[in-house]
Amino acid sequence: MEREMAEKLSTDDSFMFFCRMVDSLKEDKIGIWIPFKTAILLLSAGIDYVKGKDFEQLHQMVEAFLMNGPGEMPFYDYFISEVMGL
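Residues numbered from 1 in each chain as written. Predicted model: local features only at pLDDT ≥ 70, side-chain atom pairs only at ≥ 80, totals over all residues. Heavy atoms only, no water.

We now examine the overall build of the protein. Along the protein, the regular secondary structure elements total 5 helices and 0 strands. Ordered by position from the N terminus, the helices and strands of the protein form the series α-α-α-α-α. Scaling as 2.2 N^0.38, a compact globule of 86 residues should have a C-alpha radius of gyration of about 12 Å, and the protein matches this with 12 Å. Overall, the protein is about 30 × 30 × 20 Å in size when its C-alpha atoms are taken along their principal axes. Expressed as a percentage of the 86 residues in the protein, the buried residues total 41%. Taking as baseline every contact in the protein between residues at least 6 positions apart, the subset at least 24 positions apart corresponds to 67%. (Helix = DSSP H or I, 4+ residues; strand = E, 2+ residues; numbered from the N terminus. Rg over C-alpha atoms; globule rule 2.2 N^0.38 Å. Buried < 20%, exposed > 50% of the residue type's maximum accessible area, 1.4 Å probe, protein only. Contact = heavy atoms within 4.5 Å.)

This part takes up the packing of aromatic side chains. On inspection of all chains with the given rule, the structure shows 7 aromatic pairs. Centroid distance F15 to F18: 5.6 Å. Interplanar angle 25°. Geometry classified as stacked. Here the residue F15 and the residue F18 both occupy positions in helix α2 (residues 13-27), the gap between them amounting to 3 residues, near one helical turn. For the residue pair F15 and F18, the accessibility class agrees, reading buried in each case. For the ring pair F65 and F75, a centre distance of 5.2 Å and an interplane angle of 75° mean the geometry is edge-to-face. In this pair, F65 is assigned in helix α4 (residues 52-68) and F75 in helix α5 (residues 75-83), connecting sequence segments 10 residues apart. Residue F65 is classed as buried on the basis of its relative accessible area, which comes to 0%. (Phe/Tyr/Trp six-rings, centres within 6.5 Å; stacked < 30°, edge-to-face > 60°.)

In this section: the nonpolar core. Judged by nonpolar contacts, the single largest core of 26 residues is most densely connected at F15, F18, F75 and F79. Apart from residues lying up to four places away in sequence, F79 is in contact with M1, A6, L9, F15, L58 and M61. (Core = buried A, V, L, I, M, F, W, Y, C linked by side-chain atoms within 4.5 Å.)

If you want it as structure tokens, here you go:
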């Protein structure tokens, strides 16, 4: 994901809402395997500017997080660690 997009998302209140939705899915043990579902979550959160390669990478992060993400770590922290290489 391009650093500019990652920075824009990391400061967007709508993205924080998206992250909480992903966290809720993890708590309920619900996975996302098709990009369409990630797109629906983004649009539901009011985010319509993530497209192309950035969207594909975000979907892959959501899918990996829901399948075997680290313990109790929230998705927002997981996202930051993935895109910033922490």
